[in-house]
Amino acid sequence: MKTSPARRHKPGYISFLLVLSTGAILSALMFQTYRRALSSQVIESQVQLRLDYSEKEEAILRSIVAITPNRAMRAMQGDSDTDAKRSSLRWQDIFTESLAMANSRSSISSAMVSALSIPNLKTENAGDAALDDPSRIFTALPSETGYVSVGINRNLGPGYPVPLTESDFTTSARDGIYPIISDSKVYGTLAQTGLNSATLNGDGTNTYGLPVGTYSEFNRLKYPNINFGYAKPGDPFVAKRNWWAFSVDVADHDDDRTLLARSKRNFVLSIYEIPSQLSISAASFMSFGQYASGDAWQNVNIEGGMFVGKAEVVGNRALDTLAIRRDLTVSSGSTIGGESFAGNPFTPGDRESYMNSKDALKPVSISNTTTAGTFFPVSRASESGRAAFIPINRGADFFDRFSHAAESNVLSATRWNDYTIGALQCAMRVDITQVQSSTDRTPTMLKFSYLLADGSRVISPMEIDLNSSISTTLPMGYVQVSNEGGSYFFAGPVDVAYGGDAGYTFIKGVSETVIFNDATFGANTSSSKKGYWRPRCPYERTILIGGQMCVSVFPERITPFLSAISGAAGPAINHSLVVNVDYTVSGLNQTSAKPSIPCTTNDYGVILKECANLTPFTKGFSLVTNLRLYIGDDFNTVATTPPAGYTPAITPSNPTGRFLPPCSLFTPEKRYGVDVDPFAVVLGGQIGSLAKGDKVNNADADAPMVRPLDSKALSGAALAANRISVNLSQIRHPAEVPPITMMNWLVLLEERRKEYY
């Protein structure tokens, strides 16, 4: 067997240094890669956690906007200051409930877990937590304790709204514990500088703030930059801003576990109190463009914005802006803000397309002011992010001061009924208290209540006898002008009385020379008889042609009538009147029937006459009644000198810039004419509705469609379209706000960032 020689190789060696070096380098690279992977995973985890926390905070903030106005309302209601109800109204409970409402304690809801149907599902999100200590999430501003920093009696500096002034210590102390809305919060000297610093025109002129000494309750503020168009962003509007500041950091509750450091975010929560000021306002379903008869609107000019709960625009109607809470339908021939919205104006992208089609940076002139940008003319409250618009609408209760008992044990200094029921806000009260008999409901007695010069209410209301011409006592306000047999000349109609210790006889509405003797007034056995007079009573009984019993109100007589009553305040304080039926007492000669709404001819009515010149009412005049109102004369047609510092704008609806006393009429139903049906009516100012609901079904009395311009004559017949002229305009200054008005709340939550101020 042959074998080959062994193969020889060149000698070599192994370098341990090279092997170790290479291994070390590879290990270092692998370690670095692993470390970077771990670091990337940590960063991704923190990014995801930040996103989770941001989404949680957004849901929590929206919940706060939804919860807070409800708690503010309840803090104004009866028994809110009791152990059973007080704790649930605290800021602490508001924030705690917002955590639950937002489902912020878990990354996935139980409903979604159930819907996924994944067996043995486990979640390991480090952001899931009990969040059982809201004081670690919500805090007042640095250096302050509690949950919120209140916006009253001190200036918090740049980036915060101007403060309100609260002189009541109890209210100021409670405001940091509960969301308090109160009439005692006003604009004081602390707010003046901030109000004055808000400029719109770029030339240093002040378009907003007004002197707080004159306009302390409501001032002129800048409308916030939100999509809901009660006003255009940046435009001045009339309001009062209640606000609270606080910080939020959901991650702070678990940062020892997540090792995630986040900066606290500072927020300002505001509740704007907004008296109704748009051309048309309603919380119900309203139709624009045609009357119930089917005829199109004619001779109708509407300037400025409108707000309704739900709306339809029919025919060929041009509107400026329209803000709604729910749905809107627009006919193809109608426009809003010059744009056609025959489809759905809230289709995603429509607003953006609209803005892109406009020069959004080009200043445009609106109502004699300059504002930057173009605003989408149709808006819905739900599209405005952390905002909510709440019309305060009590419906039929607004007209009736007997509909609710007085509230007690209230946290706020302002009670909810007093705040929301116009009938309770009126300075003067006329109640129908007695009738002829149980079978004859002819009113025979009125009680008249008024405010004294110090603002308090008179303790004993004046009784006005509508039936008898003889009385054993001399009513308030009569002044002696003659002894028996004497005479006196009266240039205009007055009420006179004659008599003495045996009683008095009265004659109403006499003028020229009156002789005070038995021949004029009838036999009187008093031992010492004298003659008396007082200004003609502003309240009388009248029977309409159809037989309906009414109380007539003569506003032009009120000022001289008050001047004859010792201690009674003048029309600057006694500037509003409610006429109600007192149905709370019963008896042979008592009125026991609560008036019906809708009104019927079996109920009493109210007639408004001698009401053209209301200039003595320097703060305006308001009338509220739960009865059908018949307007028998021109109402508020005499111009007067505007308040100092205010010049009415010249607009198409007011080409001469005249100023009329701000007035309002609230009634379930109005009709025009007293003796005969009028040929035509001319309406100006603003129109609102207290109807509730948004149903289309006109047969549903609880939620009918409202046609704001429909008008009825004395007989109940609808006025023809060509006999109705309408010229509506928007209130733009607190001097134009009447004594009694409907109220709205705008709830807004804004983040405070340095780059914003």
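Here, the structure is the one placed above.
Given the structure is predicted, the values throughout are model-derived calculations rather than measurements. Every chain's residues receive numbers from 1 upward, in the order its sequence appears when written. Under the rules for a predicted model, residues below a pLDDT of 70 receive no local features and side-chain atom pairs below 80 are neither given nor counted, while totals for whole chains, interfaces and linings still include all residues. Side-chain measures here rest on the full set of heavy atoms in the structure, leaving out hydrogens and waters.

Can you walk me through the overall build of the protein chain in this structure?
What counts as a helix is a DSSP run of H or I of at least four residues, what counts as a strand is a run of E of at least two, and both are numbered from the N terminus. Secondary structure summary: the protein chain contains 12 helices and 39 strands in total. Burial classification: accessible surface area is computed with a 1.4 Å probe over protein chains only, and a residue below 20% of its type maximum counts as buried, one above 50% as exposed, and the rest as partly exposed. Sorting the 757 residues of the protein chain into buried and exposed places 48% on the buried side. It only takes one pair of heavy atoms within 4.5 Å for two residues to be counted as in contact. Restricting the contact set of the protein chain to residue pairs at least 6 apart, pairs at least 24 apart contribute 67%. In short, Shrake-Rupley with a 1.4 Å probe defines the accessible areas, and a residue's cover is counted only from the protein chains shown. Per element, the accessible surface of the protein chain, about 35500 Å² overall, is 52% carbon and sulfur.

What exactly am I supposed to notice about unusual backbone geometry here?
Glycine aside, residues mostly have negative phi, and peptide bonds are mostly found in the trans state. Cis geometry marks the peptide bond from Ile 597 to Pro 598, where omega comes out at 10 degrees. Looking at the element boundaries, Pro 598 is found in the loop between β30 (576-581) and β31 (605-608). The phi torsion at Ser 143 lies on the positive side, around 75 degrees, for a residue other than glycine. Mapped onto the elements of the fold, Ser 143 is located in the loop between β1 (138-139) and β2 (149-150).

Help me understand the pattern of salt bridges, please; the structure alone is not making it clear to me.
A pair is scored as a salt bridge if a Lys or Arg side-chain nitrogen falls within 4 Å of a carboxyl oxygen belonging to Asp or Glu. Taken as a whole and assessed by the stated rule, the structure comprises 21 salt bridges. Note that Asp 81 and Arg 86 form a salt bridge whose closest N and O atoms lie 2.9 Å from each other. According to the relative accessible area criterion, Asp 81 is partly exposed, its value standing at 22%. With a closest N to O distance of 2.9 Å, Asp 81 and Arg 174 form a salt bridge. Taken as a pair, Asp 81 in the loop between α1 (16-74) and α2 (83-86) and Arg 174 in helix α5 (residues 169-174) lie far apart in primary sequence, 93 residues in all. Through salt bridges that share partners, Asp 81, Asp 83, Arg 86 and Arg 174 make up one connected network.

Would you mind going over the pairing of strand β38 (residues 724-728) with me for this structure?
A regular strand places its side chains so that they alternate between the two faces of the sheet. A one-sided burial pattern is seen for β38, the buried positions being Ile 724, Val 726 and Leu 728 and the unburied ones Ser 725 and Asn 727. For two strands to be treated as a pair, DSSP must find at least two bridges joining them. As judged from the 3 bridges shared by strand β8 (residues 300-302) and β38, these two strands associate in the parallel manner. In the strand pairing of β38, Ile 302 is matched with Leu 728.

When you look at the environment of Glu 217 in this model, what are you seeing that I'm missing?
Mapped onto the elements of the fold, Glu 217 is located in the loop between α6 (189-197) and β3 (219-222). For Glu 217, a relative accessible area of 42% corresponds to the partly exposed category. With 30 residues separating them along the chain, Glu 217 and Tyr 187 place their C-alpha atoms 6.4 Å apart. With residues up to four places along the chain from it excluded, the contact list for Glu 217 reads Tyr 187 and Lys 240.

Would you mind going over the sheet that holds strand β34 (residues 663-666) with me for this structure?
Pairing between the strands of a sheet is mediated by backbone hydrogen bonds and can be parallel or antiparallel. Pairing is mixed in the open sheet, where 6 strands are placed in the order β22-β21-β20-β30-β32-β34. What marks the edges here is a single partner per strand, and that holds for β22 (462-465) and β34. Along the sheet, successive strands turn relative to each other by an average axial angle of 15 degrees, direction set aside. Angles here are taken between N-to-C directions and fall from 0 to 180 degrees, while the axes themselves are lines fitted to C-alpha atoms, restricted in helices to the stretch in contact.

Teacher, can you tell me more about the environment of Arg 241 here?
Here Arg 241 is to be found in strand β4 (residues 236-248). Considered as a pair, Arg 241 and Ile 271 are 30 residues apart in the sequence and their alpha carbons are 5.9 Å apart. Once residues within four sequence positions are removed from consideration, Arg 241 is found in contact with Pro 161, Leu 164, Tyr 187, Leu 221, Val 268, Ser 270, Ile 271, Tyr 272 and Glu 750. A polar contact of 2.9 Å, which involves the side chain of Arg 241, links it to the side chain of Ser 270. By the criterion applied in these results, polar contacts are pairs of N or O atoms within 3.5 Å in which, for protein atoms, one can donate a hydrogen and the other can accept it, and in which residues neighboring in sequence qualify only through two side-chain atoms.

It is not clear to me how the environment of Arg 265 should be interpreted in this structure. Could you clarify?
Within the secondary structure layout, Arg 265 lies in strand β5 (residues 265-275). In this structure, the C-alpha to C-alpha distance between Arg 265 and Arg 752, residues 487 residues apart in sequence, is 7.6 Å. Not counting the four nearest positions on each side in its chain, Arg 265 is found in contact with Glu 57, Phe 246, Ser 247, Val 248, Glu 751 and Arg 753.

Looking at this model, I keep getting lost on empty space enclosed by the protein. Mind explaining?
Once rolled over the atoms, a probe with the size of a water molecule shows which space is left empty. Site definitions follow a grid-based scheme: protein atoms alone, a 1 Å grid, a 1.4 Å probe that fits but cannot get out for cavities, and for pockets an open set with protein on both sides within 12 Å along at least five of seven lines, plus lining residues having an atom within 4 Å of a point. Grid points are joined across faces, edges and corners, and a volume is the space filled by probe spheres set on the points. One pass over the full model with this rule turns up 2 cavities of 30 Å³ or more. By volume, the largest cavity amounts to about 40 Å³. Residues are grouped as follows: nonpolar covers Ala, Val, Leu, Ile, Met, Phe, Trp, Tyr, Cys and Pro; charged covers Asp, Glu, Lys and Arg; every other residue, Gly included, is treated as polar. Per-class residue counts for the lining of the largest cavity are 5 nonpolar, 5 polar and no charged. Taken as a whole, the second largest cavity holds about 30 Å³ of empty space. As for the second largest cavity, its lining consists of Arg 441, Val 581, Ala 593, Lys 594, Pro 595, Asp 603 and Tyr 604.

I'm lost on α6 in this one. Help?
Since the α-helix turns once every 3.6 residues, residues separated by three or four places project in the same direction. Inspection of α6 places Ala 191, Gln 192 and Leu 195 among the buried residues, and these make up the whole buried set. What you see down the axis of α6 is that its buried residues fit within an arc of 115 degrees, all on one side. The exposed residues of α6 that point more than 90 degrees off its buried face are Thr 193 and Ser 197. On its buried face, α6 is in contact with β3. It is the directions from the helix axis to the C-beta atoms whose arc is reported.

Help me understand the side chain of Asn 219 in this model?
Structurally, the position occupied by Asn 219 is in strand β3. A polar contact of 3.0 Å, which involves the side chain of Asn 219, links it to the backbone oxygen of Tyr 215. With residues up to four places along the chain from it excluded, the contact list for Asn 219 reads Tyr 187, Leu 195, Tyr 208, Gly 209, Leu 210, Pro 211, Val 212, Phe 237, Val 238, Ala 239 and Pro 734.

Mind showing me how you'd approach the packing of aromatic side chains here?
Given two aromatic rings, one states the distance between the centres and the angle between the planes to describe the pair. The aromatic pairing rule takes the rings of Phe, Tyr and Trp, using the six-membered ring of Trp, and pairs them if the centres are within 6.5 Å, calling planes under 30 degrees apart stacked, those over 60 edge-to-face and the rest tilted. Per the stated rule, a full pass over the model turns up 32 aromatic pairs. Here the aromatic rings of Tyr 223 and Phe 237 are separated by 5.1 Å at their centres, their planes lie at 80 degrees, and the arrangement is edge-to-face. On the criterion of sequence distance, the pair formed by Tyr 223 in the loop between β3 and β4 and Phe 237 in strand β4 is long-range, its members being 14 residues apart. Residues Tyr 223 and Phe 237 agree in their burial class; the two are buried. Taking the centre distance of 5.8 Å and the plane angle of 80 degrees together, the rings of Tyr 646 and Phe 659 count as edge-to-face. Taken together, the positions of Tyr 646 in the loop between β33 (628-631) and β34 and Phe 659 in the loop between β33 and β34 put the pair 13 residues apart, joining distant regions of the chain. Since its relative accessible area comes to 7%, Phe 659 is described here as buried. Aromatic ring contacts, followed pair by pair, group Trp 91, Phe 95, Phe 138, Tyr 147, Trp 244, Phe 246 and Phe 267 into a single cluster. Whether a charge lies above a ring is judged from NZ of Lys or CZ of Arg, which has to be within 6 Å of the ring centre and within 35 degrees of the ring normal. A cation over an aromatic ring shows up here: Lys 310 above the ring of Phe 285, its NZ or CZ 5.1 Å from the ring centre. It is Arg 441 that lies over the ring of Tyr 604; its NZ or CZ is 4.6 Å from the centre.

Is there a simple way to think about the pairing of strand β20 (residues 428-435) in this case?
Along β20, 7 of the 8 residues are buried, which leaves the element largely enclosed by surrounding structure. With 6 bridges connecting them, β20 and strand β21 (residues 443-449) associate as antiparallel partners. Directly across from Gln 434, in β21, lies its bridge partner Met 445.

Honestly, the sheet that holds β38 in this entry has me stumped. Any pointers?
With parallel pairing, the 3 strands of this open sheet are ordered in space as β8-β38-β36. Since the sheet does not close on itself, it has two edges, and those belong to β8 and β36 (681-685), each with one partner. For this sheet the average axis-to-axis angle between neighbouring strands, irrespective of direction, equals 10 degrees. Here β36 pairs with β38 via 5 bridges, running parallel. Its bridge partner lying in β38, Gly 684 is registered against Asn 727.

How do you make sense of the nonpolar core when you look at a structure like this?
Side chains that are nonpolar tend, in soluble globular proteins, to be buried together. Grouped together as the largest cluster of nonpolar side chains are 71 residues, with contacts concentrated most on Phe 288, Leu 322, Leu 328, Phe 448, Tyr 539 and Leu 577. Ranked by residue count, the leading element in this core is β20, at 4 residues. When near neighbours in sequence (up to four residues on either side) are disregarded, Tyr 539 contacts Met 428, Val 430, Leu 446, Phe 448, Ile 464, Leu 466, Ser 552, Val 553, Ile 558 and Leu 577. Leu 49, Ile 64, Tyr 147 and Ala 251 belong to the second-largest nonpolar core, a separate cluster that totals 67 residues. Here, nonpolar core refers to any group of buried Ala, Val, Leu, Ile, Met, Phe, Trp, Tyr and Cys residues whose side-chain atoms link them within 4.5 Å.

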